[in-house]
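The residues making up each chain are set out below.
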Protein chains: 2
Amino acid sequence: MVNGQLTVDAKLAKRVRDAIREMGYLPNLQARALGSGRSRVLGLIISELTNPFYPELVRSFEDLAETSDFEIMLGSVIHKNDEHLNRFVRRLVQRRVEGVAVMTFRADWDYLHELILHNIPLVTIDAAAPRARCLVVEVDYRSGIDQAIQHLALLGHRRIAFVSGPLQHFTNQARRDAFLDSVRKVGLRAKDTPVYEGDHTFEAGAAAIGHFLSLRDRPTAILSSNDLTAVGVLRGLSERRMQVPEEISVIGFDDIHMAEFAHPPLSTVRMSREDLAAAAFQGLMRLTQHSSPYAPEPIRVKTQLVVRQSTGPQTNAVTAKADSARRTGTAAACSGE
Amino acid sequence: MVNGQLTVDAKLAKRVRDAIREMGYLPNLQARALGSGRSRVLGLIISELTNPFYPELVRSFEDLAETSDFEIMLGSVIHKNDEHLNRFVRRLVQRRVEGVAVMTFRADWDYLHELILHNIPLVTIDAAAPRARCLVVEVDYRSGIDQAIQHLALLGHRRIAFVSGPLQHFTNQARRDAFLDSVRKVGLRAKDTPVYEGDHTFEAGAAAIGHFLSLRDRPTAILSSNDLTAVGVLRGLSERRMQVPEEISVIGFDDIHMAEFAHPPLSTVRMSREDLAAAAFQGLMRLTQHSSPYAPEPIRVKTQLVVRQSTGPQTNAVTAKADSARRTGTAAACSGE
DNA sequence: TTGTATGCGTTATCAG
DNA sequence: CTGATAACGCATACAA
């Protein structure tokens, strides 16, 4: 009866339900878990909460989990030593999580061996752990980065720099490769598309801009591998009294909330946290529901350029003459965009 | 034996332990919880993760919890409707949490009634829910705000404005009252200490500065009730091409990580997340350990001024003449500080 | 359909 | 101090 079937008198049912409510009864979920063999707990591993990208991802994931009556155990990778991390993973299996989403944009998952050992469903980003019950969310960096480079090319930029994250991580290589491909596609050469390897922090942006401005041929536009660093770039430029976008254009990647309120508001390639969270959650559900195939088809997530005010037509004095005619044309095209 | 007593042969013990490890055995915590009646789960309720203050608090609390083998269930209050919130609280009791820390800086805890009903230990900030097994963490706003005002007074500021959070919340009243008291203490009058009621967002800072600059007697220094808003103030000032601290001084409150990297680096009153987390956690432990008294003595957390570069001597042209002699004196005092 | 017994993996209790 | 056994609170499968 309690489970919703109305075979008894409706009035009696109501009385019982009221009694339950009055006594404040709520089922004990750990007992339920033990009985059913399903904990209704999911693990979520992120890089770190102090990177504003992740709270938004976490929130979306939590919302999804909540509507499906799942709890989530949150763990972050950065600023935790291996010992910390191993303990977290051990706790995940001790709580008998039904699956874990590893949303860290890196492929060093040695610390996940305990999960693999216990055959716990896993969803990862960009690259899959080679095992059963694992599913990849493939982020399509090319779509958004292509748009960004084409946008800059249309604005007349011929020297475009890139600030990458640590290249030891597969995902950062993917972003850089997407950049290099895009930039070749619009006909730019290697010497005009320098890459600086940062570490995705705010501070890295300032360092990168220092590097690029010391170059013989300064870039007229900079694409950063994430927004936090792009804001650092903006800040470094501001300290040097350089105007954005008049003197130099900047595009970020991620589209964190802060991007909109940067100075000037940052044009950026949006990687939707909602999409990412939804992909991860659905992946987990897919993995737990039926006995799934060894390597299910990956879930793809697109990226997309968001134009704000940190990008403008190329107007560098040195190259101004040569590109003059072309520039006015593209500027017009831009305004109509 | 497994529990660490060495009554049997050490070599045998090692073999058993190795066997356990090889089989990948880990105890089932939900079974343990059921048997022992202790879930080893704590609830942590915050305002919202997108306010950078809270991730740092969460991290500290998590570290404490982890070293004591507790799991935490995290919930945020903002951007969740009451239905959401009630469901979260219900889940807390369904998971049989051993206590919950309510770190939201507001006193509207209607949504906590389910916890009270189930007699779950509660730690709150600033104001206590009127019930047993509840403990308050009292933040001493006065200490830090006094330091801030004295600092500004020493720098020669005579018109100091305040941007408060929503005054419907007790805690924001406490901060404002601390401001008003401090400002009276250094001899300033009401008309020279205007208060603008914001909502603790970035945007509120820009709005506040718009308001203050429209005043007949513009303040020469602004104290904000939190850092996010203070950064908004900085941004609003920058858009109006006003120099900080040359034309106007700004002090924040919280000391979030971002404060250090604001432009210029923000002087602020630090409310230590570590202290807050430690107080909350210890409070919870105190409440769960022994059967504690109805209203245990509150735990106090101090605040403290951190001087960076957003504060400087008062140099407003209009008042410069009158205060001239005094200023040079205080400026000297300041440089020696 | 509805009630009843058994299992889930641990802790705790109580004999031995 | 050790070893068996009854809870713990629910799900589930089976009997009525």
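Data block above holds the structure.
In what follows, the accompanying structure is described. Small disclaimer: the values here were computed from a predicted structure and weren't measured.

Considerations on the sheet that holds strand E5 (residues 134-140) of chain B
Residues and elements named next belong to chain B.
Inference 1: Spatially, eleven strands are ordered E2-E1-E3-E4-E5-E11-E10-E9-E8-E6-E7 in an open sheet, and the strand pairing comes out mixed. Because the sheet does not close on itself, it has two edges, and the strands there are strand E2 (71-76) and strand E7 (195-197). Neighbour to neighbour, the strand axes of the sheet diverge by 15° on average, direction disregarded.
Inference 2: Taken together, the four bridges between strand E1 (residues 41-46) and strand E3 (residues 100-103) define a ladder with parallel strand orientation. Paired with Ile-46 across the strands is Met-103, a residue of E3.
Inference 3: Sitting on the sheet, helix H3 (residues 53-67) touches E1, E2, E3, strand E9 (249-254) and strand E10 (267-271), and the angle it makes with E1 is about 170°.
Inference 4: Packed onto the sheet, helix H8 (residues 202-213) meets strand E6 (160-164), E7 and strand E8 (221-224) and runs at close to 140° relative to E7.

What about the interface of chain A and chain B?
Inference 1: Listed by partner, the interface residues are 49 residues for chain A and 50 residues for chain B.
Inference 2: Counting the contacts that link chain A with chain B gives eight salt bridges.
Inference 3: At the boundary of chain A and chain B, one finds 17 residue pairs in polar contact (both at pLDDT 80 or more).
Inference 4: Elements supplying a minimum of two residues to the side of chain A that touches chain B: helix H2 (29-36), helix H3 (53-67), strand E2 (71-76), helix H4 (82-94), helix H5 (113-117), helix H8 (202-213) and helix H9 (227-239) of chain A.
Inference 5: In terms of residue count, the dominant contributor to the side of chain A that touches chain B is H3 of chain A (eight residues).
Inference 6: Residue composition of the side of chain A that touches chain B, grouped by class: 20 nonpolar, twelve polar and 17 charged.

Examining the relation of the copies chain A and chain B
Inference 1: With an RMSD of 0.1 Å, chain A superimposes on chain B once it is rotated by 180° and translated 0.0 Å along the axis. The superposition operator between the copies reduces to a two-fold rotation axis. Across chain A, the smallest distance between a C-alpha and the rotation axis is recorded for Gln-30 of chain A, namely 2.5 Å.
Inference 2: Here 100% of the interface residues in chain A have copies in chain B that are interface residues too; the copies meet face to matching face.

Some points on the packing of aromatic side chains
Inference 1: A full pass over the atoms with the stated rule returns 16 aromatic pairs over all chains.
Inference 2: Measuring from ring centre to ring centre gives 6.0 Å for Phe-53 of chain B and Phe-105 of chain B, while their planes differ by 70°; the resulting arrangement is edge-to-face. Of this pair, Phe-53 of chain B sits in helix H3 while Phe-105 of chain B sits in the loop between E3 and helix H5 (113-117); the two residues are 52 residues apart in sequence, bridging distant segments of the chain. The burial state of Phe-53 of chain B is the same as that of Phe-105 of chain B; both residues are buried.
Inference 3: Ring centres of Tyr-196 of chain B and Phe-212 of chain B lie 6.2 Å apart, and the angle between their planes is 70°; on these two criteria the pair is classed as edge-to-face. With a gap of 16 residues between them, Tyr-196 of chain B in strand E7 and Phe-212 of chain B in helix H8 connect regions that are remote in the sequence.
Inference 4: Classification of Phe-212 of chain B as buried rests on a relative accessible area of 1%.
Inference 5: Here the aromatic residues Phe-53, Tyr-54 and Phe-105 of chain A are joined through ring pairs into a cluster of three or more.
Inference 6: Residue placement shows Arg-40 of chain B over the ring face of Phe-70 of chain B; its charged tip is 4.3 Å from the ring centre.

Calculation criteria
Residues numbered from 1 in each chain as written. Chains lettered and ligands numbered in written order. Predicted model: local features only at pLDDT ≥ 70, side-chain atom pairs only at ≥ 80, totals over all residues. Heavy atoms only, no water. Pairing = 2+ DSSP bridges. Helix = DSSP H or I, 4+ residues; strand = E, 2+ residues; numbered from the N terminus. Axes fitted to C-alpha atoms, helices over the stretch in contact; angles between N-to-C directions. Contact = heavy atoms within 4.5 Å. Salt bridge = Lys/Arg side-chain N within 4 Å of Asp/Glu carboxyl O. Polar contact = N/O pair within 3.5 Å; in protein donor to acceptor, adjacent residues only side chain to side chain. Nonpolar A, V, L, I, M, F, W, Y, C, P; charged D, E, K, R; others polar. Least-squares fit on C-alpha atoms with pLDDT ≥ 70 in both. Phe/Tyr/Trp six-rings, centres within 6.5 Å; stacked < 30°, edge-to-face > 60°. Buried < 20%, exposed > 50% of the residue type's maximum accessible area, 1.4 Å probe, protein only. Lys NZ or Arg CZ within 6 Å of the ring centre and 35° of its normal.

Any functional reading would require information beyond the geometric quantities listed.
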